[in-house]
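Structural characterization, general
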Amino acid sequence: MRAVDVSAVKTPSRNPDSEKALQWWRKARFGLFIHWSLSSIKAGEWKGEVVPGLAEWMMFQKKIPVAEFAPLAQEFNPRKFDAAAWAQLAVDAGMRYVVITAKHHEGFAMYHSKADPYNVVDATPWGRDPLKELAKECRKRRLKLCFYYSQDLDWHHPDGAWNTWDYDEAKKKPERYLREKVFPQLRELLTQYGSIGMIWFDTPLTLSRAQSRRIRKFVKDLQPQCLVSGRIGHGLGDYSLPRDNFLPGARLEGDWETCATMNDTWGYKRTDHAWKPVDNLITTLVDLASKGSNYLLNVGPDADGVVPAPSVKRLHQMGAWMAVNGEAIRGTTPSPFKPEFSWGRMTTKGRSLFLHFFGRPERRFRLHGLKTKVRSAALLAAPEVKFAVTQSVDPATGTPLLDIDFKGFKSTRPVTVVKLQLAAAPEVEERTMQQPDDSITLVGPQAQVGTDRSESGAAAKPAMRMGGNGLTENWANTEDWLEWDFVVLKPGTYDAMVVTTHQHLEPWSGGHTVVVSCAGKQLRRRTKQAVALPGLRSKYYPQWGTPCGKLRFAEAGVYTLRLQIERLNVKAGDKTLFSDGGMQFSELRLAPA
Ligand code: H79
């Protein structure tokens, strides 16, 4: 196994052919992920024992020999499979695309592959091609059909990556795997199922840049309009993906998609009842749209071909919300502001600005920083309910202020959308604004990144940078810093807190000494597992708040704050599959003391 390239999260270079192909995908915003394969039969249990972790990783977790795993195919007979029902479920949820596992890491083709008899038609008593049936049903409903294809990990082919228990790593010839399996199967998928929206490649762990490049070209030569997911690796995808289930903390630049589970696994697992409440799912859909990310939400059908009832129920509830509010999600562009708001989120469509409230707003609601004239404000769900708006400018700082009187506000659970009609596309104050709740959130993507290093030092070590997913990367130098200009409207004393994050399953790389310099003061603290912050973002990637002390702003105005690390605590083992070992900074929060 080779060291892992964190390029899975890098924003891809713009390919000229990406732009047109991305149009439908950008508008769609919401898609259905389907994980279905041989492991679905075992439902997360092997020989009477529940296997911890992801159900579809069972073969790897238990190091099940191919000779024992492959015969599962003889049990695959999903009597209740109904492609029309699956496609209709996506439509009912308000989705516009479906991504189904054509081949996952276990190497079993879920379609009729001539290239490999280890497939759902030739190796099972069932003998049907579910992708053919799904293609037909998707076409009828104008859903874009996309295929998940594990191009790197394959635990069945002797030359595929990561099966070390059956096959000798030293004898593997990855090129033979590409030649015998990947290219022929991609050809089948791209020539026998009509127009394909995208090939969703995953886990780019061992393939070289040249190999990834050839795979991309192979897809584009067969179907130029077919998208290639960010996990083709080496920044060669048409768009980017953060890690599985990662929720970014601020607006992202470029094209992104977040893939997420409804419980804690992708493939069907009988014992996993950790279903996320539907309110979380809808809030997440809004949150991601406001940050410029698609939401690819997963279901794991069982061995009978049935989507678990809790998933169906949630998708129908999401669909009910989308039927009323879809205009504020599909076809929108992200919030004009980078940070989140405590009250909710925003999306934009031309001259419309949608305010998504996560609860009931205060009767006298105020927004800071919108420069564009607002013509009207009304409930999206009930356009006859209009609200009075007033716009002014804060005399001390020049900050544009918008006041809305929410008399007659009616809530739609769990998110209520208010549509603002503007005189032009929204223009906003670029600097971070203090919010009406008096908080100030300095997010990574809004920071200036700099270094005090000399030229030679910079050449020696890679520069720290803001990762596309909103977390810092390579923060391994004490000379590197982040800096923000921000507007304080209310003088006073504020508590500063640095928020860092870390990836699940991995040790926490805390213990860095950070220095916050602002308003003539320097605050120092060691980051530690002090306060685990609540919220949607913390489930898989805990957010750690390190209180750093107090800052005093004597008067309203523009301030500059710099964040630097004085002592780094990067241990050898901190560099892992999920982390570059440095400090993963997310945001710095200021709140009235
Ligand atoms: O298809 C779904 C997952 O199976 C796939 N991506 C989504 C869309 C995925 N591939 N890799 N991963 C997820 C990361 C897997 C990490 C782990 Fe492990 C597998 C943790 C435990 C088992 C690898 C082996 C890392 C630690 C041990």
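Residues numbered from 1 in each chain as written. Predicted model: local features only at pLDDT ≥ 70, side-chain atom pairs only at ≥ 80, totals over all residues. Heavy atoms only, no water.

Rules: UniProt positions are given in the numbering used here, feature names are shortened, and annotations may be inferred rather than shown by experiment.
An unreviewed UniProt entry lists the protein chain under the name alpha-L-fucosidase, from Actomonas aquatica. Entered under Function (unreviewed entry) in the UniProt record, the comment concerning the protein chain runs "Alpha-L-fucosidase is responsible for hydrolyzing the alpha-1,6-linked fucose joined to the reducing-end N-acetylglucosamine of the carbohydrate moieties of glycoproteins." Checking UniProt for the protein chain, the heading Sequence similarities (unreviewed entry) contains the comment "Belongs to the glycosyl hydrolase 29 family."

1. Examining the overall build of the protein chain
Our working rule: Under the DSSP-based scheme used, a helix requires at least four consecutive residues in state H or I and a strand at least two consecutive residues in state E, with every element numbered from the N terminus. Radius of gyration here uses only the C-alpha atoms, and the compact-globule reference equals 2.2 Å multiplied by the residue count raised to the power 0.38. Only protein chains enter the accessibility calculation, which uses a 1.4 Å probe. A residue is then buried if its area is under 20% of the maximum for its type, exposed if over 50%, and partly exposed in between. The criterion used for residue contact is that any of the two residues' heavy atoms lie within 4.5 Å. Surface exposure here means Shrake-Rupley accessible area, sampled with a 1.4 Å probe, where a residue is shielded only by the protein chains that are shown. Counted as positive: Lys and Arg. Counted as negative: Asp and Glu, with His and the chain ends omitted from the count. By convention, charge coordinates are those of NZ in Lys, CZ in Arg, CG in Asp, or CD in Glu.
In terms of helices and strands, the protein chain carries 11 helices and 31 strands. Here the C-alpha atoms of the protein chain give a radius of gyration of 25 Å, agreeing with the 25 Å that 2.2 N^0.38 yields for 593 residues. With 593 residues in all, the protein chain has 59% of them scored as buried. Look at the contacts in the protein chain between residues 6 or more apart in sequence, and 73% of them connect residues 24 or more apart. Within the structure as shown, the protein chain displays about 23,100 Å² of accessible surface, and the carbon and sulfur contribution to it stands at 52%. Within the protein chain, the 64 negative side-chain charges are centred at a point lying 3 Å from the centre of the 82 positive side-chain charges.

2. Concerning the pairing of strand β8 (residues 256-260)
Rule in force here: At least two DSSP bridges between two strands are needed for those strands to be called paired.
Judged by how many residues are buried, β8 sits mostly within the fold: 5 of 5 residues are covered. Here β8 shows two buried faces, one formed by W256, T258 and A260 and the other by E257 and C259. Two elements, β8 and strand β9 (residues 293-299), share 5 bridges in a ladder whose sense is parallel. Paired with T258 across the strands is Y295, a residue of β9.

3. Overview of the site of the ligand
This is how the line gets drawn: Nearness is defined per residue: one heavy atom within 4 Å of the molecule or strand is enough. Counting of polar contacts relies on pairs of N or O atoms within 3.5 Å, with two restrictions inside protein: one atom must be capable of donating a hydrogen and the other of accepting it, and residues adjacent in sequence are counted only when both atoms are side-chain atoms. Put simply, Ala, Val, Leu, Ile, Met, Phe, Trp, Tyr, Cys and Pro go in the nonpolar bin, Asp, Glu, Lys and Arg in the charged bin, and everything else, Gly too, in the polar bin.
Around the ligand, 16 residues are found, and the nearest of them are H35, E56, H104, D202 and D244. Within the side chain of H35, one N or O atom sits 2.6 Å away from an oxygen atom of the ligand. Within the side chain of H104, an N or O atom sits 2.8 Å from an oxygen atom of the ligand. For the shell around the ligand, the residue count by class is 8 nonpolar, 5 polar and 3 charged.

4. Side note on the confidence of the model for the protein chain
Our working rule: As a per-residue measure, pLDDT reflects the predictor's confidence and takes values from 0 up to 100.
For the protein chain, the mean per-residue pLDDT works out to 93, and 93% of the residues sit at or above 70. Taken together, the stretch residues 1-11 has pLDDT below 50 and engages in 27 contacts with residues farther than four places along the chain or on a different chain.

5. Section: the packing of aromatic side chains
Inclusion rule: Under the pairing criterion, centres of Phe, Tyr and Trp rings, with the six-membered ring standing for Trp, must be within 6.5 Å; the plane angle then separates stacked pairs below 30 degrees from edge-to-face pairs above 60, leaving the rest tilted. Charge over a ring is defined by NZ of Lys or CZ of Arg lying within 6 Å of the ring centre and within 35 degrees of the ring normal.
Tallied over the full model, the rule gives 42 aromatic pairs. Between the aromatic rings of W475 and F585, the centroid separation amounts to 6.5 Å while the plane-to-plane angle is 75 degrees, which identifies the pairing as edge-to-face. Taken together, the positions of W475 in the loop between β21 (472-473) and β22 (480-488) and F585 in strand β31 (residues 585-592) put the pair 110 residues apart, joining distant regions of the chain. You'll find W475 and F585 in the same group, each marked buried. When the ring centre of F60 is taken as reference, the NZ or CZ atom of K63 above it lies at 3.8 Å. The ring of W481 is capped by R562, whose NZ or CZ atom sits 3.7 Å from the centre of that ring.

6. Structural notes on helix α6 (residues 130-140)
When α6 is considered as a whole, its buried residues turn out to be P130, L131, L134, A135, E137 and C138. The secondary structure elements touched by the buried residues of α6 are α5 (83-93), β4 (97-103), β5 (144-149) and α7 (174-191). Capping of α6 at its N-terminal end is provided by D129; its side-chain oxygen lies 2.9 Å from the backbone amide nitrogen of L131. R142 sits one or two residues past α6 and shows a positive phi near 60 degrees.

7. Remarks on the domain arrangement of the protein chain
Basically, it comes down to this: The domain limits used here are those given by an automatic or database domain assignment. Put simply, buried area is how much 1.4 Å-probe accessible surface two parts lose in total, over both of them, once they are put together.
When its domains are assigned, the protein chain resolves into domain 1 (16-327), domain 2 (344-430) and domain 3 (440-592). Relative to domain 2, the C-alpha centre of domain 1 lies at a distance of 38 Å. Opposite the 12 residues of domain 1 that make contact, domain 2 presents 15 residues. Carbon and sulfur atoms make up 61% of the surface buried where domain 1 meets domain 2, a total of about 1,200 Å² over both sides.

8. Remarks on α5
Basically, it comes down to this: The directions considered for the arc run from the helix axis to the C-beta atoms.
Along α5, the residues that are buried comprise A83, W86, A87, L89, A90 and A93. For α5, the buried positions fall inside an angular range of 150 degrees around the axis, keeping them on one side. Next to the buried residues of α5 lie β1 (30-34), β4, α6 and α10 (309-325).

9. A word on the side chain of D202
Within the secondary structure, D202 sits in the loop between β6 (198-201) and α8 (209-222). Residue D202 is classed as buried on the basis of its relative accessible area, which comes to 8%. At 2.6 Å, the side chain of D202 forms a polar contact with the side chain of Y148. Here R231 takes part through its side chain, which lies 2.9 Å from a polar atom of the side chain of D202. Excluding residues within four positions of it along the chain, D202 makes contact with H105, Y148, Y149, Q151 and R231.

10. With respect to the side chain of D129
Heads up, the rule is: Salt bridge, as applied in this entry: a Lys or Arg side-chain nitrogen positioned within 4 Å of an Asp or Glu carboxyl oxygen.
As for its placement among the helices and strands, D129 is situated in the loop between β4 and α6. K132 provides the closest opposite charge to the buried, salt-bridge-free D129, at an N-O distance of 5.0 Å. One polar contact links the side chain of D129 to the main-chain amide nitrogen of L131, over a distance of 2.9 Å.

11. Side note on the environment of W25
In this structure, W25 sits in helix α1 (residues 18-28). On the accessibility criterion, W25 (0% relative accessible area) is buried. Sequence-distant contacts of W25, defined by excluding residues within four places in its chain, comprise Y97, M198, L227, Y239, D255, W256, E257 and N294.

12. Quick notes on the sheet that holds β31
Read across the sheet, 5 strands follow the order β18-β31-β23-β27-β26 without closing on themselves; strand pairing throughout is antiparallel. Looking at strand neighbours, the two that pair on one side only are β18 (440-443) and β26 (531-532), the edges of this open sheet. Pairing between strand β23 (residues 492-501) and β31: 7 bridges, direction antiparallel. Bridged to V498 within β31 is L588.

13. Regarding the pairing of β9
Burial of β9 is extensive: 7 of the 7 residues sit out of reach of the surface. What you see with β9 is no split at all: S293, Y295, L297 and V299 on one side and N294, L296 and N298 on the other are buried throughout. Relative to β9, β1 is paired through 5 bridges, and the arrangement is parallel. Residue F30 lies in a different strand from β9, and its bridge partner there is Y295.

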